[in-house]
Amino acid sequence: MAGWAEQKGRQSRLDKIVDREGQVPVRRLDRLGLRGRVRVNAEQSDPVARRLSARLSAEYPSVEVRIQPEGKADSVFNFVPQSEPSPSSYLIREGENFHFEVWDSVSLPRTVLSDCRLGIEGYNRCNATCGMCPVRSMRRLPQVMPLALSDSILRQVASHPELQIVNFYLHGEPLLDPYLEARIRCASVLGIPYLRISTNGVLLTGDRMVSLAEAGLDEITVSLDGATADVHEQLRPGTQFATIVDNVQTAIRLKRKRHWVRPAIMLGMIVGDSNRSAVEPLIRLAADWFGTPILESAPRLGIVYRDDMLGLGMFISERFDWITDYSDRSISAIQPGPCPGHRDLVVYSNGKAAFCCLDVDGDHVLGDLKTETFDAVFLGPHRSESVRAIAERDLPSIPPRCQRCWLLYHSR
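Worth saying up front: this structure is predicted, and the values here are computed from it rather than measured.

The rules behind these values
- Residues numbered from 1 in each chain as written.
- Predicted model: local features only at pLDDT ≥ 70, side-chain atom pairs only at ≥ 80, totals over all residues.
- Heavy atoms only, no water.
- Helix = DSSP H or I, 4+ residues; strand = E, 2+ residues; numbered from the N terminus.
- Buried < 20%, exposed > 50% of the residue type's maximum accessible area, 1.4 Å probe, protein only.
- Contact = heavy atoms within 4.5 Å.
- Areas by Shrake-Rupley, 256 points an atom, 1.4 Å probe, with all protein chains shown as cover.
- Disulfide = S-S within 2.5 Å.
- Salt bridge = Lys/Arg side-chain N within 4 Å of Asp/Glu carboxyl O.
- Pairing = 2+ DSSP bridges.
- Right-handed = clockwise from strand over helix to strand, strands pointing away.
- Core = buried A, V, L, I, M, F, W, Y, C linked by side-chain atoms within 4.5 Å.
- Polar contact = N/O pair within 3.5 Å; in protein donor to acceptor, adjacent residues only side chain to side chain.
- Phe/Tyr/Trp six-rings, centres within 6.5 Å; stacked < 30°, edge-to-face > 60°.
- Lys NZ or Arg CZ within 6 Å of the ring centre and 35° of its normal.

K.L.:
Could you give me a rundown of the overall build of the protein chain, with the residues and numbers involved?
P.N.:
Within the protein chain one finds 11 helices and 16 strands. Relative to its 412 residues, the protein chain shows a buried fraction of 54%. Of all intrachain contacts in the protein chain linking residues separated by at least 6 positions in sequence, the fraction that spans at least 24 positions is 70%. Of the roughly 17,400 Å² that the protein chain leaves accessible, carbon and sulfur atoms contribute 52%.

Next up, the structure:
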């Protein structure tokens, strides 16, 4: 499933709330050394707009800020970098609060990392035993990634502006990670554009939602596989449907009360034979929570609903096979083209880098970020040779772990 930043393309953004006192914790605008103009649609006498203008001008002297009445142009918030004439941009005014979000269309360098996303596993254990998840049989020992290690990795990632997305989860429940907010805050300060987690939702309390938002998180996917407790809890033992529902509703109320667009709340459903009949009831439940009807014509796989101005959405994906060994297939069964797993840059809690997130136990290790640099591991010959072998169907050179994987033999 393509995330929002991926759908928008390789872009940089400024995204924060201006509160009633005009405090603007702005970030990320200077990551690419941008220059431009910002227009705030308001009357010159508007005190919040004046505080916003002053704060932006102070923190970003390279950006010209003007306050103008509405109706001067179609876009409410306009940022024009020198290199591109027509970026997309937004401002939402709600009462005395501003939300502003700036996207620029500046061209980023095209490298082997351009279409990738990094996954940092802060902790590799979970409070649930979901049937579709390989964590139950993981051979790796429980471990929390040291904060110093993730900080080091993120500082190196920040030197690659074409790498736009960092996921703070892999195999485990991210809300069990004691350093989760600290890792997110580090990435946010470094200007990494899009930061995500995926959670079973049991620990997503109101207080945790606030701390994640303040740290700078951009998106939270909450796994929900049914519209009733019996369906959901059968597929995800160890979770409590009522608790998850209460947490999601609390998160949505907080977003509305505080005028938060970020973090976005995405409901994620994995569908299989046992819960296919729950798709429509869950869509209706989501529509009720979001307060927005979901069209009958909306797809029932992939993105079902997404409103980037509200920061709410839902997607559905098919359950896939983590377990079956496909290595007895002939080379003719290998699908042509690159494997989508190449887009995932994986760093496990022990610091080891794996080829993709489906390698749960790290059988195909690319390197160790505790002793090697990010560039040496992910831009080195080990990974590039594996990418080439799969794309060219060079079976003897394909890593053994990849030869067993269902992705190799399914359409991509």
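Once you've had a look at it, read on.
K.L.:
Account for the state of the cysteines, with residues named and values stated.
P.N.:
Counting across every chain of the model gives 0 disulfides. Of all cysteine sulfurs, the one in Cys-357 lies closest to Cys-356, which takes part in no disulfide; the gap is 5.2 Å. Take Cys-356: its relative accessible area is 9%, and that puts it in the buried class.

K.L.:
Account for the pattern of salt bridges, naming residues and giving values.
P.N.:
Applying the stated criterion across every chain, the model contains 15 salt bridges. The shortest N-O distance in the salt bridge between Arg-139 and Asp-361 comes to 3.1 Å. Residue Arg-139 is found in the loop between strand S7 (117–120) and helix H3 (147–157), and its partner Asp-361 is found in the loop between strand S15 (352–354) and strand S16 (365–368); the two are separated by 222 residues along the sequence. One salt bridge connects Glu-181 with Arg-208, and the closest N-O pair in it is separated by 2.6 Å. In this pair, Glu-181 is assigned in helix H4 (residues 180–190) and Arg-208 in helix H5 (residues 206–215), connecting sequence segments 27 residues apart. Using a relative accessible area of 17% as the deciding quantity, one classes Arg-208 as buried. Via salt bridges that share partners, Glu-385, Arg-388, Glu-392 and Asp-394 belong to a single interconnected network.

K.L.:
So what's going on with the pairing of S7? Which residues, and what values?
P.N.:
Side-chain alternation along S7 places Arg-117 and Gly-119 on one buried face and Leu-118 and Ile-120 on a second face that is also buried. Across 3 bridges, the pairing between S7 and strand S8 (residues 165–167) is parallel. Its bridge partner lying in S8, Gly-119 is registered against Asn-167. Read from S7 through H3 to S8, the crossover connection turns out right-handed. As paired elements, S7 and strand S14 (residues 344–347) share 4 bridges and run parallel to each other. Within S14, the position partnered with Arg-117 by the bridge is Asp-344.

K.L.:
I'd like to hear about the nonpolar core, residue by residue, with values.
P.N.:
Formed by 79 residues in total, the largest nonpolar core has its most connected members in Leu-118 and Phe-168. Sequence-distant contacts of Leu-118, defined by excluding residues within four places in its chain, comprise Ile-153, Val-157, Leu-163, Ile-165, Val-166, Asn-167, Leu-345, Val-347 and Phe-374.

K.L.:
I'd like a description of the environment of Pro-293, backed by residues and values.
P.N.:
Looking at the element boundaries, Pro-293 is found in the loop between helix H8 (279–290) and strand S12 (302–307). A sequence separation of 10 residues divides Pro-293 from Ile-283, and the C-alpha atoms of the two residues are 9.4 Å apart.

K.L.:
Give a description of the side chain of Lys-255 that names residues and reports values.
P.N.:
With respect to the helices and strands, the residue Lys-255 is situated in helix H7 (residues 241–258). Of the residues examined, Lys-255 reaches a relative accessible area of 4% and is grouped as buried. At 3.3 Å, the side chain of Lys-255 and the backbone oxygen of Gly-311 are in polar contact. Look past the residues within four positions of Lys-255 in its chain and what remains in contact with it is Met-209, Trp-260, Val-261, Arg-262, Pro-263, Ala-264, Ile-265, Leu-310, Gly-311 and Leu-312.

K.L.:
Account for the packing of aromatic side chains, naming residues and giving values.
P.N.:
Each aromatic ring pair is summarised here by two numbers: the centre-to-centre distance and the angle between the ring planes. Tallying each qualifying case throughout the model produces 2 aromatic pairs. Centroid distance Phe-290 to Tyr-305: 5.6 Å. Interplanar angle 25 degrees. Geometry classified as stacked. Pair noted here: Phe-290 is in helix H8 and Tyr-305 is in strand S12, with a separation of 15 residues, a long-range link. For Phe-290, a relative accessible area of 2% puts it in the buried group. A ring pair is formed by Phe-374 and Phe-378, whose centres lie 4.9 Å apart and whose planes are at 50 degrees; its orientation type is tilted. With Phe-374 and Phe-378 both in helix H9 (residues 374–378), this residue pair falls 4 residues apart, about one helical turn. Neither Phe-374 nor Phe-378 differs from the other in exposure class; each is buried. The ring of Tyr-348 has Arg-140 sitting right over it, with the charged end atom 3.8 Å from the ring centre.

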